Amino acid sequence: MKFKTQKDKHGAMMIASVVLALLGVIGFKLMHPPAPPLDADGCTSPIVRNTVIILDHSEAVSEQTQTEIVARSLAAVVDKAEVNERITVFRVSELSKKRMEPIFSQCKLPSDGNRLTEGVKVIAKNYQKRFLEPLKLALQVAPDNAKESPIAQAIIDVSLSQYLRGQVNRLLVFSDLMEHNDKSFSLYNCNPHHDVIDEFRRFRRGAQERPAFRNTAIQLNIIPRKGLTEGSLKCRDKLWPWFFGDDEGANASLSTDYLPGA
């Protein structure tokens, strides 16, 4: 294209520069679409991954036990959970038979971002204030001394809830696993010569007897208790493998680890 004057040529170059700049902005936005809006829990739909932490707060624990509970929980979330994975914490006490609500339930927010396209300081601050600090507060709530420890019912109730219905799920349980319902069923009074599974099933008659998990990796973190009878321990070690025996899917697993302290 020939231009009549140098001024015409300069004007055409200016127009071409503006067009190229606009095309660049459009291309950048197409390659970096805005993040979908977050709901009140910091989640975007769909949520495909879940981590549930159940804290047995029916009996006090030692300081080293509590410290390790917090450390293992945070490691599972900070090091292993993905962004937009829902993290839910439940506290089990004698009130859990009638009311089982999470003390924390939010999706993991991003802790970092692209320095060229995002405000990384804002992202990091948001992660700390809206997600990590509230999670730490929930994990550090001190246990009580309760009359009952309905840990089995709590786990069954959670297994039936929305919190373990993702494509990939993790369940972390922190408990001494000494199921105790004052007038119905108690591992403290268990006769090892009786069939503890049959006794438990009679206790659960009319309700779901044990949880049914799908694609759930289960980690039992056992709080140590001194003074338990040999019979109670035998009953405990027989009951729980059966209790967690209905878990299907590629992600299904069951592991057990003791916590420090007593």
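Check the entry above for the structure.
Here's a quick rundown of the structure. Keep in mind that this is a model prediction, so the values were computed, not measured. (Residues numbered from 1 in each chain as written. Predicted model: local features only at pLDDT ≥ 70, side-chain atom pairs only at ≥ 80, totals over all residues. Heavy atoms only, no water.)

Take the overall build of the protein chain next. Broken down by element type, the protein chain carries 6 helices and 10 strands. For the protein chain, long-range pairs separated by at least 24 residues make up 82% of all intrachain contacts whose partners lie at least 6 apart in sequence. (Helix = DSSP H or I, 4+ residues; strand = E, 2+ residues; numbered from the N terminus. Contact = heavy atoms within 4.5 Å.)

For the rest of this paragraph, the subject is the pairing of strand β2 (residues 86-92). The buried fraction of β2 amounts to 6 of the 7 residues, a majority that puts the element mostly inside the structure. A crossover links strand β1 (residues 49-56) with its parallel partner β2, the connecting element being helix α2 (residues 63-80), and its sense is right-handed. Across 5 bridges, β2 lies against strand β3 (residues 102-107) in antiparallel orientation. Each residue of the ladder has a partner; that of arginine 86, found in β3, is cysteine 107. (Buried < 20%, exposed > 50% of the residue type's maximum accessible area, 1.4 Å probe, protein only. Right-handed = clockwise from strand over helix to strand, strands pointing away. Pairing = 2+ DSSP bridges.)

Before going further, it helps to examine the packing of aromatic side chains. The geometry of an aromatic ring pair is captured by two quantities: the separation of the ring centres and the angle between the planes. Inspection of the entire model under this criterion finds 12 aromatic pairs. Both rings, one in phenylalanine 200 and one in tryptophan 242, keep their centres 6.1 Å apart while their planes meet at 75 degrees; by these two values the pair is edge-to-face. In this pair, phenylalanine 200 is assigned in helix α5 (residues 196-203) and tryptophan 242 in helix α6 (residues 230-243), connecting sequence segments 42 residues apart. In this pair, the class of phenylalanine 200 matches that of tryptophan 242, namely buried. Members of the aromatic cluster, each reached through a chain of ring pairs, are Phe185, Phe200, Phe203, Phe213, Trp240, Trp242, Phe243 and Phe244. (Phe/Tyr/Trp six-rings, centres within 6.5 Å; stacked < 30°, edge-to-face > 60°.)

This part covers α5. All of the buried residues along α5 are Val196, Ile197 and Phe200. Each buried residue of α5 sits inside an arc of 100 degrees when the element is viewed along its axis, so together they form one side. Structurally, α5 contributes buried residues whose contacts are with α4 (151-159), β6 (185-186) and α6. Residue aspartate 195 occupies the N-cap position of α5, its side-chain oxygen lying 3.0 Å from the main-chain nitrogen of isoleucine 197. (Arc of directions from axis to C-beta. Polar contact = N/O pair within 3.5 Å; in protein donor to acceptor, adjacent residues only side chain to side chain.)

A sheet is described by the order of its strands in space; here 6 strands give the open sequence β3-β2-β1-β4-β8-β10, paired in mixed fashion. Whereas interior strands pair on both sides, the edge strands pair on one side only; in this sheet they are β3 and β10 (253-258). When the angles between neighbouring strand axes are averaged without regard to direction, this sheet yields 10 degrees. Together, β1, β2 and β3 form the strand contacts of helix α3 (residues 120-139), whose direction differs from that of β3 by roughly 160 degrees. With respect to the sheet, α4 is in contact with β1, β2 and β4 (168-175), its orientation differing from that of β1 by roughly 165 degrees. (Axes fitted to C-alpha atoms, helices over the stretch in contact; angles between N-to-C directions.)

This model, assessed by the stated rule, comprises 2 disulfides. In this model, cysteine 43 is linked to cysteine 107 through a disulfide, with the two sulfur atoms separated by 2.1 Å. Between cysteine 43 and cysteine 107, the S-S torsion sits near 100 degrees, and that sign places the bridge as right-handed. Remark: cysteine 107 occurs in strand β3 and cysteine 43 occurs in the loop between α1 (6-31) and β1; sequence separation between them is 64 residues. For the pair cysteine 43 and cysteine 107, one class covers both residues: buried. Each disulfide pairs two cysteine sulfurs, and for cysteine 190 the partner residue is cysteine 235, the sulfurs being separated by 1.9 Å. A torsion of -75 degrees about the S-S bond marks the disulfide between cysteine 190 and cysteine 235 as left-handed. Of this pair, cysteine 190 sits in the loop between β6 and α5 while cysteine 235 is found in helix α6, placing the two residues 45 residues apart along the sequence. For the protein chain, the bonded cysteines pair up as 1-2, 3-4 when numbered in the order they occur along the sequence. (Disulfide = S-S within 2.5 Å.)

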